[in-house]
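For reference, the chains in residue letters:
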Amino acid sequence: MSSVTPNEIKKEFLKSKIGIAGIAILTILISISIITTITIPVETFQEWNNPGSWITYPKTAIPIWVNLFLIDKIPEHKILTEPKIATVSNDEINLSSYQFNVNFNYDEFPNDFIYSYSAEYANSPLFQMSVIRPDGIKLELVSTSLPHSNLKIIHEDRVFSTDAMIKKELTLQSEKFEFKINELSSEGIIFSKTEINQPLKGNYIFSIDLYGVNDESKIVESNLIIGGKAFGIMGTDELRRDLAIGLLWGTPLALFIGLVVSIASVVMGLMYGVYAGFKGKKTDETLMRFNDVIYALPALPFLIILSVTISNSIFVMVGFLMIFGWVGIAKVARSMSLQIKTRGYVEAATMMGQKDSKIILKHILPQLLPYAFASVAISVPAAITTEAGLSFLGLGDPSFPTWGQILHDANTFGAAARGLWWWIVPPGIMIAITGLAFVFIGNALDAIINPKLKR
Amino acid sequence: MKKYVATRVATMFGVLLITLLITVILVGSNMDTILKQGVVFQVRSEIIENPAIAESFSSVKEFEAFIDKQTDERIKNLGLDEPWHSPQRIGFTMYKIILLDFGQATFLTSDVGSSDVKDIIFEKLPRTILLFTSATIIISIIGIFVGALSASKIGSTIDRITSSFAIISSSFPVWWIGMLMIFLFAFTYQIFPARATPDIPSSSPEYLGALLYHMTLPLITIVMIGFGSWAYLVRNFMVGIMQEDFIVAKKTMGVKQNRITYIHALKNAAPPIITILALSLSGSLGGAIITEAVFDWPGMGRLYFEAISVMDLPVIIGATYILTVFFLVSIFIADLLYGYFDPRIRSGANP
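Everything numeric here is computed off the predicted structure, so don't read it as measured data.

Draft legend 1. Local environment of the sheet that holds strand 3 (residues 93-104) of chain A. Residues and elements named next belong to chain A. The strand order across the open sheet formed by five strands is 2-3-8-5-6, and the pairing between neighbours is antiparallel. Each end of this open sheet is capped by a strand with a single partner; those strands are strand 2 (84-90) and strand 6 (138-145). Going from strand to strand, the sheet's axes swing by 15° on average, the running direction of each strand aside. Pairing analysis gives seven bridges linking strand 2 to strand 3, with the strands arranged antiparallel. Within the sheet, the bridge partner assigned to I85 lies in strand 3 and is Y98.

In structure tokens, the structure reads:
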């Protein structure tokens, strides 16, 4: 037991490199959390488990920065939403033209492409889709008329690269290629060099033309997706979810779980232990026997049973984790308060007839504060890893994208076997870094409180 | 000392009963439903097997009435008519469990095909002991040596590496490292099998060899993550002792550094080390539920996980009971060892 003052602790703490490192990491994590909660709309994280909201994203795409280290560039997944619009009116015929610029500089063909649109028209306009390649060749892709309607309607549709129509149009233009194109997929033809079937790099212009007779027709909303194998800073998972969003949202969640569980456990443990130690005799004996009982409960099996039978909500889970967190701290707090109790000023206060609660709060608890801070820091990683572990087993709260939850999904979809490292490595590293930050801080504090270890 | 042991034993038994009670209460209501469904199923299948009874009914109503009557009778005989939370039923269930009669598993079976929970548990237990207990022993041996080494050269490179390795390794979850190891050494470089369950039947003579081969990857993972914190712990115990007067005296007497470290200092650091060893050995018996799930190791941990995912309640209760017993016995042994080594407790002073 030491009697270091808060100022001394602060001074000593600032001297320890490891403590500073811990604080630095923690600051970064906290700023990530703040930025995440402010910049990423809450809806995205509520939509985490809704497959419909991730439909435009690619499946298990590698992070895009991987391309920096590769000689053969992997095609990026591109979602283009803002076409260049041009309208030409010529007596009876109205032409609205929409052009998408696709800068394609990769060494593999894209997976596919999808053009989805909603067009506003009356009668039956002509819909044409073509692509102008970097070598100047223009390929017709689609030429069709939209379903007839007498009134003005909004028609929604999608053009897939796998559509038979595109294949047919391309076969008609097969003389432009020096090899047989019958067996190839349409994206394998469009993005190919004419001499051999290899990707042609450069700027592609996809243009969609809508011809209306007499009536004005236009495309209200449209986007072109060039399906690639690389997307986002962190890639995507099997359910097309952007892992960067999951990882970012995991930060505030992990900090919340870790801090709430450890602070609450330490406060509970301190109160309990100090009270037991201060009261002594029968009270002490009873309280400590109860403490023994909780201490002897096997924690993980119980947490599993509790989450299966009662609730797996993240808030209830925090409560369960507290049940097992306070026990060790109570034991230490008790033995510390046994020592402090015998000090002169505490005995004096008792003799002066001060209330027990006042003595505990004013004279004993402040002495234990350094220890309390150290234990908060040290018990955070355990809380985070335990929650991650439970989530990993599939017992976590499925509505929150915690890091454990991401790893659980990775395991379910066999990410290890399929070599999807970007799905396994980052969540674990985040767990470890968060743990490290608190372990560093805890160790630095510990070294100040127990100076013996330092030498 | 006697009084100390007696209170300890009493506490342990109390804890065991409380654990059991909590488990039974938590899963009790589900258990009740499952048992009753079992009775109805039993009655129906008996009638189907015996066409003579089935033919004796003139209407469907009569048939249903007969089944209801039969079911009610059996439920009464089994004592299921009382609510599951009645003291008699809980008492009876707990009494049976204490005598290791866990009943029949609902879904899970042992490899041989027995659905007796006791058989299942005692089939899985040796495998967990094989993996986790050997890992714990290896960890503690490496840990003690590395810890002693770094304690003898405080501030040296070895000491710093040990300390930082301990801190860093303790913040990685073992199961995540397990996933990485599987990713690296089972798929990228195909050295070890990904699933730790051998695919040959347990009766064949090569089974043990296959089991050991499958065990390598989990063993390496557990040891790699575990020994750092052991070394750090041992180091911290030793550092305290190295500053004691008698060590300084030994040094001035000219006793060699190695002798001081490994014989005199280690001997004095033994009590806490042995206590922790006892605790971690017992902890290892439960296996790590998550680690076994990752490596698909067919031990207690995975059994527990499987039982929970299909809600096989008799298995859950049985496994919890066995785990708690081991845990308590080892806490008890650790306590006794600590008491034995610590003269203050041995002399009967307040523990």
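Draft legend 2. Broad picture of the interface of chain A and chain B. Counting residues at the interface gives 45 residues for chain A, matched by 45 residues for chain B. The interface formed by chain A and chain B holds zero salt bridges in total. At the junction of chain A with chain B, the criterion picks out two residue pairs in polar contact (both at pLDDT 80 or more). Taken together, the elements giving at least two residues each to the side of chain A that touches chain B come down to helix 7 (281-296), helix 8 (299-309), helix 11 (356-392), helix 12 (403-412) and helix 13 (421-449) of chain A. Among the elements that line the side of chain A that touches chain B, the one with the most residues is helix 13 of chain A, at 12 residues. Partitioning the side of chain A that touches chain B into residue classes produces 33 nonpolar, eight polar and four charged.

Draft legend 3. Main features of the packing of aromatic side chains. Residues and elements named next belong to chain A. Considering all chains together, one arrives at 26 aromatic pairs over all chains under this definition. Considering the side-chain rings of F104 and Y106, the 5.3 Å spacing of their centres and the 80° angle between planes classify their relative orientation as edge-to-face. Assessed through its relative accessible area of 8%, Y106 is described here as buried. Grouping aromatic residues by their ring pairs yields a cluster made of F104, Y106, F113, F191, Y204 and F206.

Draft legend 4. Layout of the side chain of S222 of chain A. Residues and elements named next belong to chain A. Relative to the elements of secondary structure, S222 occurs in strand 9 (residues 218-227). What makes S222 buried here is its relative accessible area of 9%. A distance of 3.5 Å separates polar atoms of two side chains, one belonging to S222 and the other to Y115. Leave out the neighbours within four places in its chain, and S222 touches L80, T81, P83, F100, Y115, S116 and Y117.

Draft legend 5. Quick look at the pairing of strand 9 of chain A. Residue and element names in this part refer to chain A. A large share of strand 9 lies buried, amounting to seven of its 10 residues. Examined bridge by bridge, strand 1 (residues 78-80) and strand 9 share three bridges and lie antiparallel to one another. In the sheet register, L80 faces strand 9, and the bridge partner there is L224. Bridge count for strand 4 (residues 112-123) against strand 9 is nine bridges, and the pairing is antiparallel. Bridge pairing in strand 9 links I114 to I225.

Draft legend 6. Spatial organisation of the confidence of the model for chain B. Residue and element names in this part refer to chain B. Across chain B, the average pLDDT comes to 78, with 91% of residues at or above 70. By mean pLDDT, the top-scoring element of chain B is helix 7 (residues 174-188) (88), and the lowest-scoring one is helix 14 (residues 343-346) (53). Reported confidence for the predicted complex is 0.79 by ipTM and 0.82 by pTM.

Draft legend 7. Spotlight on the nonpolar core. Residues L407 and I424 of chain A together with W175, M300 and Y304 of chain B are the most contacted members of the largest nonpolar core, which totals 117 residues. The biggest single contributor to this core is helix 13 of chain A, with 12 residues. If sequence neighbours within four positions are ignored, W175 of chain B has contacts with T385, A388, G389, F392, L407 and I431 of chain A together with I290 and V294 of chain B. Core analysis: the second largest hydrophobic core is formed by 36 residues, Y106, F113, L146 and V159 of chain A among them.

Cut-off values and rules
- Residues numbered from 1 in each chain as written.
- Chains lettered and ligands numbered in written order.
- Predicted model: local features only at pLDDT ≥ 70, side-chain atom pairs only at ≥ 80, totals over all residues.
- Heavy atoms only, no water.
- Pairing = 2+ DSSP bridges.
- Helix = DSSP H or I, 4+ residues; strand = E, 2+ residues; numbered from the N terminus.
- Axes fitted to C-alpha atoms, helices over the stretch in contact; angles between N-to-C directions.
- Contact = heavy atoms within 4.5 Å.
- Salt bridge = Lys/Arg side-chain N within 4 Å of Asp/Glu carboxyl O.
- Polar contact = N/O pair within 3.5 Å; in protein donor to acceptor, adjacent residues only side chain to side chain.
- Nonpolar A, V, L, I, M, F, W, Y, C, P; charged D, E, K, R; others polar.
- Phe/Tyr/Trp six-rings, centres within 6.5 Å; stacked < 30°, edge-to-face > 60°.
- Buried < 20%, exposed > 50% of the residue type's maximum accessible area, 1.4 Å probe, protein only.
- pLDDT = per-residue confidence, 0-100.
- Core = buried A, V, L, I, M, F, W, Y, C linked by side-chain atoms within 4.5 Å.

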